[in-house]
Amino acid sequence: MIFPRTFTYIYITICFFSLGAMTSSPMAYMVLKPLIVGSLLTFYIVSLRKQHSLIILALVFAIIGDVLLLFESDLIFKLGIGAFLIMQILYILYLKQFKDNSYSLLQKSLIIAIIVTGLFFIGLSFQKMGDDLIYICIYTIALTYMGITAIKFPRLKRNVSIIGIGAILFIFSDLTLAINKYIYPLNILRYLVMVLYMIGQYLIIVGITQDAKEYFNRVHKFELAKNKSK
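Note that the structure is a prediction, hence the values are computed from the model and not measured.

What follows is about the confidence of the model for the chain. Put simply, the chain has an average pLDDT of 85, and 87% of its residues get 70 or more. Of all helices and strands in the chain, the one with the weakest mean pLDDT is helix α8 (residues 187-229) (77), whereas helix α3 (residues 53-68) scores best (96).

Encoded structure:
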């Protein structure tokens, strides 16, 4: 698979300056952070003749979540997580369109690992989250299910689509965010959260743009061949 080089260079540049601005220039970071997903949204729109409204809405809510998480207020933080919850649901609705009854051993193993990770985090949350427990549990369940649907994306040329790899990184980004906020606050974890998030979202959207197009082309060719044989 050949990644879109020009966009990748632009995206890396945006991410690099965003990471640099996290502590050195809060004002610049407020401008740069929304550009991370904003650039992915632009890439998705210009790369396909026909875009899917679920992906566009998902990325819009991701941008909203990114902006809201810039603020320290607990209420605004919860609204930001709510925006990401909607994004997760939209990703799930989109990815559930892609069905394949056969899964590789790697896919099955990753699905089990994601479920175990989600259950472990929920178990850990019972002692640490306090009043936010139900809120965090609902989000973790949605996050886990999104990861499962991404891992189950039909195999094309690889054992697991890069959509699935991106979803795994996204899951660890969100879990690291929760650990940093509720369990073990550490400044360096803020950077880990963003690096995992940047790579995860990139792989999800590039995968959706390229793998999904290839999948539908394959299905279309199969249907044409089927119709010709009748």
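Let us now look at the nonpolar core. Soluble globular proteins tend to pack their nonpolar side chains together in the buried interior. If you look at the biggest cluster of nonpolar residues, it comprises 61 residues, and the most contacted ones within it are Tyr-11, Ile-55, Tyr-91, Phe-170, Ile-205 and Ile-208. Looking at this core, the elements with two or more residues in it are α1 (5-24), α2 (26-47), α3, α4 (74-95), α5 (105-128), α6 (133-151), α7 (162-183) and α8. Discounting residues that sit within four places of it in the chain, Ile-205 has contacts with Leu-40, Phe-43, Tyr-44, Ile-55, Leu-59 and Tyr-91.

Moving on: the packing of aromatic side chains. Any aromatic ring pair is given by two values, namely how distant the centres are and how the planes are angled relative to each other. Under the criterion given, the structure shown has eight aromatic pairs. Relative to Tyr-197, the ring of Phe-84 lies with its centre 5.9 Å away and its plane at 90°, an arrangement referred to as edge-to-face. With Phe-84 in helix α4 and Tyr-197 in helix α8, this residue pair connects regions lying 113 residues apart in the sequence. With relative accessibility at 5%, the residue Phe-84 sits in the buried group. Look at Phe-170 and Tyr-197: their rings are 5.6 Å apart centre to centre, the planes differ by 50°, and that puts the pair in the tilted class. Highlighted residues: Phe-170 in helix α7 and Tyr-197 in helix α8, separated in sequence by 27 residues. In this pair, the class of Phe-170 matches that of Tyr-197, namely buried. Taken together, the ring pairs connect Phe-7, Tyr-11, Phe-43 and Tyr-202 into an aromatic cluster.

Conventions adopted
- Residues numbered from 1 in each chain as written.
- Predicted model: local features only at pLDDT ≥ 70, side-chain atom pairs only at ≥ 80, totals over all residues.
- Heavy atoms only, no water.
- pLDDT = per-residue confidence, 0-100.
- Helix = DSSP H or I, 4+ residues; strand = E, 2+ residues; numbered from the N terminus.
- Core = buried A, V, L, I, M, F, W, Y, C linked by side-chain atoms within 4.5 Å.
- Buried < 20%, exposed > 50% of the residue type's maximum accessible area, 1.4 Å probe, protein only.
- Contact = heavy atoms within 4.5 Å.
- Phe/Tyr/Trp six-rings, centres within 6.5 Å; stacked < 30°, edge-to-face > 60°.

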